[in-house]
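Given next are the chains, with one letter for each unit.
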Amino acid sequence: MSNEPIHVPTMAELTAKGEVPEILFWVGCAGSFDDRAKKITKAIVRILDHVGMKFAVLGAEEGCTGDAAKRAGNEFLFQMQAMNNITVLNGYEVKKIVTGCPHCFNTLKNEYPALGGNYEVVHHTQLIQGLLDAGKIKLQDGANKGKKITFHDPCYLGRANEEYDAPRSVLEKLNAELAEMERSRENGFCCGAGGAQMFKEAEKGEKEVNVERTEQALELNPDVIATGCPFCMTMMTDGVKHFNKEEKTKVLDVAELIASQIHK
Amino acid sequence: MEYIPNIVFFVLLIAGIVLFTLNVKKIRRNILIGKPVDRNDNKSERWKTMFRVAIGQSKMVTRPLPAILHIFVYVGFIIINIEVIEIIIDGIFKTHRVLSFLGPLYTILIASFEILGALVFLGCLVFFLRRNVAHINRLRSKDLDGWPRSDANYILMLEMSLMAAFLFMNAADFRLQTLQFSHYNLGLSPNAFPISSHLASLYGNASIPSLVMAERSTWWFHILGILAFMNYLPYSKHFHVLLAFPNTYYSNLNAKGEFTNLSSVTNEVKAMLDPTFIPPAAAEPHRFGAKDVHDLTWKQLMDSYSCTECGRCTSSCPANITGKKLSPRKIMMATRDRLEEVGKNMDKNAGKFVEDGKSLFGDYISGEEIWACNMCNACVQECPVNIDPLSIIMDLRRYQVMEQSAASNELNMMMTNIENNGAPWQFSPSDRLNWAIEN
Ligand code: SF4
Ligand code: SF4
């Protein structure tokens, strides 16, 4: 279902036709290249198509936002990336952006303005919440009914931007049982990928952060660990495998849960 | 002869205040060696933050037991200081309970001081047991080995003795009143002494001179203890009782995810991308990121003096919880220690810092610590006085990477990939849209 080729318009194409999309979908590096995250990307596209929202992506013109470079300490590289991206975005007169990744979301929303990039930026869970509230998404009931779902707050959506409610309000629409981990919302516990840790071995310690976090989630014995970040996805999926629980507990993005339940 | 105690009192009081002022000025000077950062915008939001976080203790509530005990100690500490006003007037002018003319109001005041005093005592006692008997990781941690652990215990013991002195002073006073002795016979309502009237029985059948002796010595102990406490503050984590207020007022009001933008870098990047751009001349040669306390902002330095060493940050830090060396509390304590060292260096050298071959990074904080950080903001969220340990970690990393090129191979690979192909992995930019067409 989610693996069929789909047509995704690029900004370049639309501009050539003299058209302007309602929103730019910032796919992000993980969403573009990571096999698991690509499925999340497609789920977001399915939702956008389902509601008939006119969107476009940058495709080859999109470059890493520079989040990991900045947090690794390389402000030069971050600003080079930012300025190149801002040139492209401003060139297309982009006003509104949806991202599939809290790191892209945070960087575009909070760190690009100082460098001349001013856009209205939303995370995909916020966009989906808006669409659900407006009654634009028709959900089939069933698939997740009665299942136990726990939401893992991505640090850069939660504490960094204080968005705790959008993903939860979306999940509530699934008629599933929402269970909270002991450390959630403001007290959420990192998956272990932030601060450029995704790209390096961890320092010496007693445990991997993702194993600790997954353990906290598995205490609830959930059917689904839901998240809204491709890096959390990697970390939590590895964690569930570590405990050999992948039969019982799936790790899914909020967008995937919704996309699997929309009317055709 | 008869005025000697009053003169002694006056001299000690002035000496105490002068010494305290000098020490506070030194801390102010140390804080101001930091780099400028503008925290004067949005005043109304700043006042609100201070009221909520410092006065309202809003971030303590997540842990209810210490929150309630801390409220006892905090409210007691502030309110009982009203009593100090009377003590000072009495001490200078040789009066006794000068405010007693307030009548029923005085009864209410003294009674509430007594109740608060007892609560402060109780709070400190439980805190003392939590630190020394109970097994609470954040209070047992090796971060606190040595001076920090003693510091915490000294203060608790001092506060308990101060409160005990206050209550036993009132008890002796109450007994002397009942005996209608001399100037003690003010005809105060027994309701003013809800606690000490019970303690009075502990004096047994003590004679009038020994009761006067007990009253005077506890009076002196109380006021000298307060002066000592005040002068101990600048050397202690208890300086937070003062700095919590400005420190929360000057909080970072931006989203926690927004890390600072280095404008010095912006100029160089602009010049690189656009050869016609002429960067404004820098006032002084700058360093990218931070190697030592001089490279941090005054707010980061104020943070270090405001730290209560409570360890809430560390007990929520995913790196620390999983056994890594990083402890955000230790980052703050190390920053303060280094800043104190730099301050002493300046004292010795007529106010100028003389290079001592040491630095915050390397001598106080190691690479192993800063590279373990997930930049998850849990420590920032937890801190009851709005300290931002993460910003220091970020600045130390910047120095490591931009000045020392000391990133690990894996991180260098990630950065090279971003530089060459616009993604942290080795994929070609032209493949960015492949996800749409592949199965
Ligand atoms: S930001 Fe870094 S130091 Fe602070 S809690 Fe997270 S991992 Fe620990
Ligand atoms: S930084 Fe804040 S939370 Fe951490 S020990 Fe200091 S006061 Fe406590």
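Up top is the structure these notes are about.
Remember, it's a predicted structure, so these values are computed and weren't measured experimentally.

Student: Tell me what's going on with the nonpolar core, and back it up with residues and numbers.
Tutor: Ranked by size, the top nonpolar core spans 149 residues in total, and within it F25, L89, I97, I137 and I258 of chain A together with L411 and M414 of chain B carry the most contacts. At 8 residues, helix α3 (residues 35-51) of chain A tops the list of elements feeding residues into this core. The residues contacting I97 of chain A, other than those within four sequence positions of it, are I23, L24, W26, L89, L108, Y119, E120, V121 and V122 of chain A. Grouped together as the second largest cluster of nonpolar side chains are 37 residues, V73, I87, Y184 and I226 of chain B included.

Student: Any details on the site of ligand 2? Residues and values, ideally.
Tutor: Residue and element names in this part refer to chain B. The environment of ligand 2 is made up of C307, T308, E309, C310, G311, R312, C313, R329, M332, C383, P384 and I387. If you list the elements that add at least two residues to the shell around ligand 2, you get α12 (312-315) and α14 (328-348). Looking at the shell around ligand 2 residue by residue, the class counts come to 7 nonpolar, 2 polar and 3 charged.

Student: Summarise the site of ligand 1; cite the residues concerned and give the values.
Tutor: Residue and element names in this part refer to chain B. All residues in the neighbourhood of ligand 1 are listed as C317, P318, L326, P328, C373, N374, M375, C376, N377, A378, C379 and I393. Because more than half of its atoms lie within 2 Å of the grid, ligand 1 is assigned to the second largest cavity. The residue makeup of the shell around ligand 1, split by class, is 10 nonpolar, 2 polar and no charged.

Student: Tell me about the interface of chain A and chain B, and please be specific about residues and values.
Tutor: Each partner contributes residues to the interface: chain A has 74 residues there, and chain B has 62 residues. Carbon and sulfur atoms make up 64% of the surface buried where chain A meets chain B, a total of about 5,700 Å² over both sides. Counting the surface chain A buries against chain B, the share from its top three residues, F33, F76 and F199 of chain A, is 14%. Taken together, the links from chain A to chain B amount to 5 salt bridges. The tally of links between chain A and chain B comes to 30 residue pairs in polar contact (both at pLDDT 80 or more).

Student: Summarise the packing of aromatic side chains; cite the residues concerned and give the values.
Tutor: Applying the stated rule across the entire model yields 18 aromatic pairs over all chains. Ring geometry for Y156 of chain A against F259 of chain B: centres 6.5 Å apart, planes inclined by 45°, an arrangement best described as tilted. Taken as a pair, Y156 of chain A in the loop between β5 (148-151) and α8 (165-172) and F259 of chain B in the loop between α9 (240-249) and α10 (263-273) lie in two separate chains rather than in one. Considered together, Y156 of chain A and F259 of chain B belong to a single accessibility category, that of buried residues. Chaining the aromatic ring pairs together yields one cluster made of W47, Y249, Y250 and W298 of chain B. Above the plane of the ring of F259 of chain B lies R71 of chain A, whose end atom (NZ or CZ) is 4.2 Å from the centre. Positioned above the aromatic ring of W219 of chain B, the side-chain terminus of R216 of chain B is 4.8 Å from the ring centre.

Student: Tell me about the sheet that holds strand β8 (residues 250-253) of chain A, and please be specific about residues and values.
Tutor: Residue and element names in this part refer to chain A. Strand order in the open sheet made by the 4 strands is β6-β5-β7-β8, with parallel pairing throughout. The open sheet has two free edges, formed respectively by β6 (177-179) and β8, since each of these has just one partner strand. The average angle at which neighbouring strand axes cross in this sheet is 35°, direction not considered. Together, β5, β6 and β7 (224-227) form the strand contacts of α8, whose direction differs from that of β5 by roughly 170°.

Each value, and the rule that gives it
Residues numbered from 1 in each chain as written. Chains lettered and ligands numbered in written order. Predicted model: local features only at pLDDT ≥ 70, side-chain atom pairs only at ≥ 80, totals over all residues. Heavy atoms only, no water. Core = buried A, V, L, I, M, F, W, Y, C linked by side-chain atoms within 4.5 Å. Buried < 20%, exposed > 50% of the residue type's maximum accessible area, 1.4 Å probe, protein only. Helix = DSSP H or I, 4+ residues; strand = E, 2+ residues; numbered from the N terminus. Contact = heavy atoms within 4.5 Å. Near = heavy atom within 4 Å. Nonpolar A, V, L, I, M, F, W, Y, C, P; charged D, E, K, R; others polar. 1 Å grid on protein atoms, 1.4 Å probe; cavity = no way out; pocket = protein on both sides within 12 Å on 5 of 7 lines; lining within 4 Å. Sits in = over half its atoms within 2 Å of the grid points. Buried area = accessible area lost by both parts, 1.4 Å probe. Salt bridge = Lys/Arg side-chain N within 4 Å of Asp/Glu carboxyl O. Polar contact = N/O pair within 3.5 Å; in protein donor to acceptor, adjacent residues only side chain to side chain. Phe/Tyr/Trp six-rings, centres within 6.5 Å; stacked < 30°, edge-to-face > 60°. Lys NZ or Arg CZ within 6 Å of the ring centre and 35° of its normal. Pairing = 2+ DSSP bridges. Axes fitted to C-alpha atoms, helices over the stretch in contact; angles between N-to-C directions.

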